[in-house]
Amino acid sequence: MEIFLQLLINGLMLGGTFAIISIGLTLIFGIVRVVNFAHGEFLMIAMYGVYLMNLQFGLHPYVAMLPMFFLMFALGAVMQRYIIQPLLSASDEIQIFATVGVSTALMNAGLMVFGADVYSVDMSSAVVGTGMTSIGSLTINNGQLMTFIVSILLIGALDWFLKYTFLGRAIRATAQHRDAALLMGVDVKKIYIIAFGLGAGCLGLAGGLMAPQYPVFPTVGTFFVLTAFIIVVLGGLGSLHGAFLGALIIGVVDSLAGYYIAPDLKEVVYFSIFIAILIFRPTGLFGAGRGSE
Amino acid sequence: MKKYVSKIKGGAVAAVALTMSFSAMADINVGALYPFSGGLALLGNESFRGLEIAIEERNANGGLRGEQIKLVKSDAVDAGQAVGAARKLTSIEGVDVIFGSFSSSISFAATQVAELAAVPYFELGAISDNITDRNMKYVFRSNPTAKNFAEGTIDAIFKVVAPTYGVDAKDLKVAIIHEDALYGTTVSQFQKDIAKEKGLNVVQTLPYSAKAVDLSSLVLRLKGAGADVVLQTSYQNDTTLFFRQMREAGFKPKALIGAGGGYSMKDTVKVVGEKNMEGVLDVDFAQYLMNEAGAPGIKEFQATYKERYGEEPRSGHSLINYSGAKIFLDALEKAASLKADDVREAVMAIDLPIGSTAAGIGAKMNENGQNIRANAAIMQWQDGELKTVYPEAAAVAAPKFPQHP
Amino acid sequence: MNITQPQNYVSLLLLLLMLVFPVVAGSPFVYHIFILVFSYAALASAWNVVGGFAGQLSLGHAVYYGVGSYTATLLMINFGISPWIGMVAGALLASVISVFVSWPCFRLRGPFFALASIAVLEVVRLLVINQHGLTGGSAGLAVPLQQGVEWMVFRERWPYLVISFGLLSAALFVSWKIKNSRLGYYLIAVREREDAALAVGVNAVRVKLAAVIISAFLTSTVGSFHAMYFTFIEPGAVFSLELSIQIAMFALIGGLGTISGPVIGTVLVLPLAELARGWLGDFADGFHGFVYGVVLVIVVLTIPRGLVGQFGARVGALINRLPGYKEPETVQPSTSTLTHVQSETLGQPILVAEHLHKYFGGVHATNDVSLTLKEGEIIGVIGPNGAGKTTVFNQLSGFLKPTSGSVRIRTSYGEWVTPKSPAEFAKAGIGRTFQIVQPFADLSVRENIMIGAFMNTDDHVEARAIAAEVAQLTDLTDQLDKVARDLTVGGMKRLEMARALATRPRILLLDEVLAGLNPSDITKAIEIIRRIRDTGVSILMIEHIMQATMSLSDHVAVINSGSLLIEGEPEKVVKDPQVIEAYLGKEYSHA
């Protein structure tokens, strides 16, 4: 029982990390309707950014993630404006390949600039985000706990933004029906740029929150990106709460399958869940998305 | 059906490729085939540096057979590219020999091309045993293989862990964990076989993906099984992840034994932290803290490396590549000509005792071209340094475990 | 294939030139590049059958490639079976697997299909790693280096070149065959508008499966060949997402859905990438990858339709100036197909709907509708907007399944049947049009009609003849070579009719074919409908334009709020107070 509880905690905490990565993806996926294969590389850039800010200015990653949010926002906006926007009316495969191209270019740019070396933020003198919290015999990684909490806060903030601000409502309208929103006078292009920026900006936060646990290297994005796709589809296209729950589910599945089945088969388990969801419930577990559209 | 555009373009490209073959024909051309990009780039590059230093050293001392050596770099990240790279080296660049390759799958593909082109191929780092099991005449390997690694890790239990703790090795609960790609699988397979043969009590064998972002459940399984000794074959990221989560779960086995890869890397210590690596054993090509007596030239190499690249070696891959390259360059110097058959004759004539090279290995090739005097050394992380603890001739420190009072 | 056509002989010549070039150049590296180009072009062509023709963006094609590699290698290692046999065995296995993998995924579109295919690939790769007893796991398998033709391992390079060229030729031939066959048209039809395809009897699932099976088969053969060429396989390398993406990218850059596109894409990109690695690799690790990615983005942004899509027509026109060019022969319309023999069963029921009910959630959209259409008769269905006329039509043509009640059709053999799917309805003799026109917009008018004609023939020439004939009947002869999207509204409506007629229906369901037409077009259309009836086709038509309905219909049925209000002769119906009420409101009914 104790082991089960610990596995559950580990899974939930891992889920928090997955969530912070997936929130941005579901925003982009749900609103702009583009599968951003460069999402992992955006994460890599954010992680390098946080690392550099820590190295140069001694900023704690949790501080560095704030400027990183805006930098990533800018990066996302530029990507949307100059790469996705011209392709909005193109077919899905064209859009996918544009993002694949960006992904390849960025990953190799990372290799050119930083080399293949693995860098990790020096947390030895940091107080926040390190160490463990023990509850009886159960342990929780403080950094992961922080990630978990921030991802909940982030979802709350985005929720509020989408529901109660004019811009947020315009974003939701655009997500539901692009042409109708256009007719209603919404500047769809601008909305998309903001949405993409927001999605990328979330990764800026992810970069900071993950720094204490994960080192950065050029291919780090590929470690997370497929899982993020699974989570977003599982949770339902564009659904923030869905993405969060999806992330927790995948985290727990990862943890439990790793223990009770086999560590090397846990991906098989969650990819199988993913395929089953796509086939039997393409709208996702929680979303009102339109998977089979 | 309008293919003519393509044909013209294709022709142009190939024509350019052709003109390339008429350039760069001075000196002795030597191919260097490694993964310089992609996921294996770090260790591929580190391996290459060893070769580069060996060649530069040779050039500074008058070159090979009186001529300067020109190193032709060729990047390959997978088998398909390796075939292309080897083809290019053997035909367009017209290299006399090829050095490579760090990755076993690259080596498999490239050696086969070189063999058919009758260009000697010197493998300095890939560890899959059957690379040299394919009856090739011109493929030679200086470095230890996966089997040597596995033997080393099992030896470490018998010769280092058990004596230090003063227990019988067969009473120890051993767990084998490994990344599930080629490297980890190959080594762990031998570990399982040898452990069984020697009567060790293996309680868990767990493969996992090197791309895993969470190993906490694996750690809990090891903890639940009460493993005393964990044998891990891993790259860097999974090593650091494992160490972090082991700490979080409060899992403290008597000994951790790595088979090179992530365990040998300075970067790993940087990420994991010195005190967390204290006492961890590592079986690998010999590293930098060896007794000079057992590894002549290691200090100079280290100094040259630092001067050349402005940093400490990132792992032992440069050293083993350096030593291997030197062994083969010596043979090339002595060969009657650079024709493949003369090279083979010269290589087969090599006879260096163990402990006579910078990496501590000796050199004597068997019929298949595999070096039978290449053993992996057993090392231990002590105070942030990887120190050789076994065999005694090369040892610079006695093994000690923080868990053992 | 007519060898004297410039486009054909130029293509063949260039293909041969590609084969000769490395032989003349003689350098092993050039050989290697061309072997790679041929085999990757074969992969891209095979992928294009699914990704281009069928429009299913698969990023999991490495599954089939890997199955080919592993089957051939395992059979060779374990049983000493020649890889030539292994190649066929692998291709068959891949075909079987493709059915199981693709079938459930067909309802997914665009990015979702792509993601599902990636997931399948990952699962297969992980399982191959996990089942190391069978597959050797991730340690990989080394192909024994036994030289000889039967082992597909050679010291010389030219046999590899010949084999890879053979694979490419096979893939191209298959692509060419598909493109010029019924299957090719059907694939495009399903890709563009699945509903319209169903209405002309296309079994969408079967067509897509055929494409996937063919594609998997071809992909797998290249996998087997590559295993023998590289002599080493491991799961990470053969079941790789990068490989899948690369194949698709070659096809994309060249031009999706074209025959030459995948080849051109490969010929252009692969050698460049290969050389760039040599040139740029020294610069900085990763520089060539960076350039590769940037170039891909630029290509996608500047020529999203691919090279052939962008320049193909112009280049084709240039080539056609070469000697030997002949205009495609104008096919004489066949005259026989549509003139039905004077039927003995004229005036007997041909379509019977009994007590149809349809619920959408709580909405009772069709309430106890019964209809009988007699052979040779025109029934006009009228009713206010939203009355549920189209819902009835959809049940009569199989697009909706009635909640209860039955639809029966008398076949030409006199049996009564109740088909199960839209395609079966079409085959039973029902042709239909759509209220919102559904042309295959990128195809020509002729091709649109041919897709209908293919229901009864798989012969290209015959289909053309039928198209010509139907075009005559529907006044589209002048527009046969026009692209459908350029037609006027009237033209599109007539095209709807023409496509339905081309299936040689015995019952035609026309859904507001007159709506939105100008008066002269209406006159034209009415004339056409009469002509159609005179060929022996029974017609059920939904129409708002009363005059037309009155003058055409033998019978008029009025549907209001989902139920059948009245059915009878036009004059009687218009005078019925219920009808007036339904149309104009209660107060008018007593006026």
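Presented here is an overview of the structure given in this document. (Residues numbered from 1 in each chain as written. Chains lettered and ligands numbered in written order. Predicted model: local features only at pLDDT ≥ 70, side-chain atom pairs only at ≥ 80, totals over all residues. Heavy atoms only, no water.)

## Let's talk about the overall build of chain A
- Summing up its helical and strand segments, chain A has eleven helices and two strands in all.
- Listed N to C, the secondary structure of chain A is α-α-α-α-β-β-α-α-α-α-α-α-α in terms of helices and strands.
- For 293 residues, the compact-globule estimate of 2.2 N^0.38 gives 19 Å, and the C-alpha radius of gyration of chain A, at 19 Å, lies within 12% of that figure.
- Taking the principal axes of its C-alpha atoms as reference, chain A extends roughly 60 × 45 × 35 Å.
- Relative to its 293 residues, chain A shows a buried fraction of 65%.
- Sequence-distant contacts in chain A: of pairs separated by 6 or more residues, those separated by 24 or more amount to 76%.
- As displayed, chain A has an accessible area near 10,500 Å², and 69% of this comes from carbon and sulfur atoms.
- The average position of the 11 basic charges and that of the 13 acidic charges among the side chains of chain A differ by 16 Å. (Helix = DSSP H or I, 4+ residues; strand = E, 2+ residues; numbered from the N terminus. Rg over C-alpha atoms; globule rule 2.2 N^0.38 Å. Buried < 20%, exposed > 50% of the residue type's maximum accessible area, 1.4 Å probe, protein only. Contact = heavy atoms within 4.5 Å. Areas by Shrake-Rupley, 256 points an atom, 1.4 Å probe, with all protein chains shown as cover. Lys, Arg positive; Asp, Glu negative; His and termini not counted. Charge placed at Lys NZ, Arg CZ, Asp CG, Glu CD.)

## So, the sheet that holds strand E10 (residues 281-284) of chain B
All names here are of chain B.
- One open sheet holds the seven strands; their spatial order is E7-E6-E8-E9-E10-E11-E12, and the pairing between them is mixed. Edge strands, defined here as strands with exactly one partner in the open sheet, are strand E7 (201-208) and strand E12 (385-390). The average undirected angle you get between the axes of adjacent strands in this sheet is 25°.
- For strand E6 (residues 173-179) and strand E8 (residues 229-233), the ladder comprises five bridges, and the chain directions are parallel. Bridge pairing in E8 links Val174 to Val229.
- Against the sheet, helix H5 (residues 146-165) engages E6, E8, strand E9 (255-258), E10, strand E11 (377-382) and E12, with an angle of about 145° to E10.
- In the packing of helix H7 (residues 216-225) onto the sheet, contacts are made with E6, E7 and E8, and the angle to E7 comes to roughly 175°. (Pairing = 2+ DSSP bridges. Axes fitted to C-alpha atoms, helices over the stretch in contact; angles between N-to-C directions.)

## What to know about the interface of chain C and chain B
- Contact residues are listed per partner, giving 55 residues for chain C and 45 residues for chain B.
- Here chain C packs against chain B, burying approximately 4,600 Å² in sum over the two surfaces, 68% of which is carbon and sulfur.
- Summed over the three residues of chain C that lose the most area to chain B, namely Phe29(C), Phe232(C) and Arg277(C), the buried surface amounts to 12% of that side.
- Joining chain C to chain B, the criterion identifies zero salt bridges.
- Taken together, the links from chain C to chain B amount to eleven residue pairs in polar contact (both at pLDDT 80 or more). (Buried area = accessible area lost by both parts, 1.4 Å probe. Salt bridge = Lys/Arg side-chain N within 4 Å of Asp/Glu carboxyl O. Polar contact = N/O pair within 3.5 Å; in protein donor to acceptor, adjacent residues only side chain to side chain.)

## Examining the interface of chain B and chain A
- Each partner contributes residues to the interface: chain B has 30 residues there, and chain A has 34 residues.
- For the pair chain B and chain A, the two sides together bury roughly 2,600 Å², of which 58% comes from carbon and sulfur.
- Interface area lost by chain B to chain A is led by Val213(B), Leu220(B) and Glu248(B), which between them contribute 22%.
- Inspection of the chain B/chain A interface yields one salt bridge.
- Between Arg314(B) and Asp117(A) there is a salt bridge whose closest N-O contact spans 3.3 Å.
- The interface formed by chain B and chain A contains twelve residue pairs in polar contact (both at pLDDT 80 or more).
- Secondary structure elements with two or more residues in the side of chain B that touches chain A: helix H2 (41-60), E7, H7, helix H8 (236-248) and helix H9 (266-272) of chain B.
- With six residues, H8(B) is the largest single contributor of residues to the side of chain B that touches chain A.

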